[in-house]
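# Summary of structural features
The chain contents come next:
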Amino acid sequence: MLRPVLSLALVACVATLASAQSQLQPAGRILEPPVPSLCAQRKIHEKFNGKGYYFSWKDASTANTEMDWLGVRNWCRQRCMDSVSLETSVENEYIKSHLVNDKVKYIWTSGRLCDFKSCEDRPDLKPLNINGWFWTSELKKLAPTTDRVQNDWGYSGGINKPQPDNRELIQGGAPENCLAILNQFYNDGVHWHDVACHHKKPWVCEESESLLNYVRFTNPNIGV
């Protein structure tokens, strides 16, 4: 059972993560800013605990679309949302219930390993595979992966090891630096898994108050 994730709101750590996100992504891609017109037209499928959510498979325009981790974040951010972060057990179970009820086999979240250059010299993030995971949409660290009470990492995977296991890299592929929810993909329940970021999946966006406030401030004539 996931409990509220540890929110280590240390100024230095938040500054590091914010700086890391501003760096160029693979292949020169960047983290996209919001587009005011798209923010005003954003579609919300459900409200939960005061926050709006968009489920890609519930909309005809994206039902047959899957994107990689950064593509999902940018699609959401352009609409004043971001990939979902699962900071409490209540939100985690809410999102997981949609995967189960709608028979969706996996989705991306905003979770990522802090593998950027600016993370290398942070002693509080070492070892990275244990202490280096964070919710990029909220700039909040996850609890250590060894703390099974404070997270929802799966207990098994493709090589029958607890998550995160970096399976793909071990088997000669890309590092598994992004966090997805898998629905019985390895017959191990509905849990978090580390997955290589280039894989394409459906997604869930959640409204971002910081992006909404930014657009409200910079474009006061556009109702968001």
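Because the structure is predicted, anything quoted here is derived from the model rather than measured.

What follows covers helix 4 (residues 89-102). In this model, helix 4 (14 residues) spans 20 Å end to end at C-alpha, consistent with the 20 Å of a helix rising 1.5 Å per residue. Among the residues making up helix 4, those that are buried are Ser89, Glu91, Asn92, Tyr94, Ile95, Lys96, His98 and Leu99. Buried residues along helix 4 sit in contact with strand 1 (46-48), strand 2 (51-55), strand 4 (106-113), strand 7 (178-183), strand 8 (190-195) and strand 9 (204-207). Lys103, located one to two residues past helix 4, shows a positive phi value of around 55 degrees.

Another point: the pairing of strand 4. A large share of strand 4 lies buried, amounting to eight of its eight residues. On strand 4, burial covers both faces: Tyr106, Trp108, Ser110 and Arg112 on one face and Ile107, Thr109, Gly111 and Leu113 on the other are all buried. Of the pairings in the sheet, the one linking strand 4 to strand 7 comprises four bridges and is antiparallel in character. In the sheet register, Trp108 faces strand 7, and the bridge partner there is Ala180.

So, on to the pattern of salt bridges. Within this structure, the stated rule accounts for 16 salt bridges. Through salt bridges with shared partners, a single ionic network connects Arg42, Lys47 and Glu207.

So, about the sheet that holds strand 3 (residues 81-83). Pairing within the open sheet is antiparallel, and its four strands lie in the order 1-2-9-3. Both edges of this open sheet fall to strand 1 and strand 3, since each of them pairs with a single strand only. In this sheet, adjacent strand axes meet at a mean angle of 35 degrees when their direction is disregarded. Bridge analysis of strand 3 against strand 9 gives three bridges, and the strand direction is antiparallel. Note that in strand 9 the partner of Met81 across the bridge is Glu207.

Here we take up the nonpolar core. The biggest cluster of nonpolar side chains holds 21 residues, and the ones touching the most others in it are Tyr53, Ile95, Ile107, Ile181, Trp192 and Val204. Contributing elements (two or more residues each) for this core: strand 2, helix 4, strand 4, strand 5 (133-135), strand 7 and strand 8. Per element, the largest residue contribution to this core is three residues, and it comes from helix 4. Once residues within four sequence positions are removed from consideration, Tyr53 is found in contact with Ile44, His45, Glu46, Phe48, Val84, Glu91, Tyr94, Ile95, Val204, Cys205 and Glu206.

Attention now goes to the pairing of strand 2. The element strand 2 is largely enclosed, with a buried count of four among its five residues. Bridge count for strand 1 against strand 2 is three bridges, and the pairing is antiparallel. What sits directly across from Lys47, in strand 2, is Gly52. Examined bridge by bridge, strand 2 and strand 9 share three bridges and lie antiparallel to one another.

Calculation criteria
- Residues numbered from 1 in each chain as written.
- Predicted model: local features only at pLDDT ≥ 70, side-chain atom pairs only at ≥ 80, totals over all residues.
- Heavy atoms only, no water.
- Helix = DSSP H or I, 4+ residues; strand = E, 2+ residues; numbered from the N terminus.
- Expected span 1.5 Å × (residues − 1).
- Buried < 20%, exposed > 50% of the residue type's maximum accessible area, 1.4 Å probe, protein only.
- Contact = heavy atoms within 4.5 Å.
- Pairing = 2+ DSSP bridges.
- Salt bridge = Lys/Arg side-chain N within 4 Å of Asp/Glu carboxyl O.
- Axes fitted to C-alpha atoms, helices over the stretch in contact; angles between N-to-C directions.
- Core = buried A, V, L, I, M, F, W, Y, C linked by side-chain atoms within 4.5 Å.

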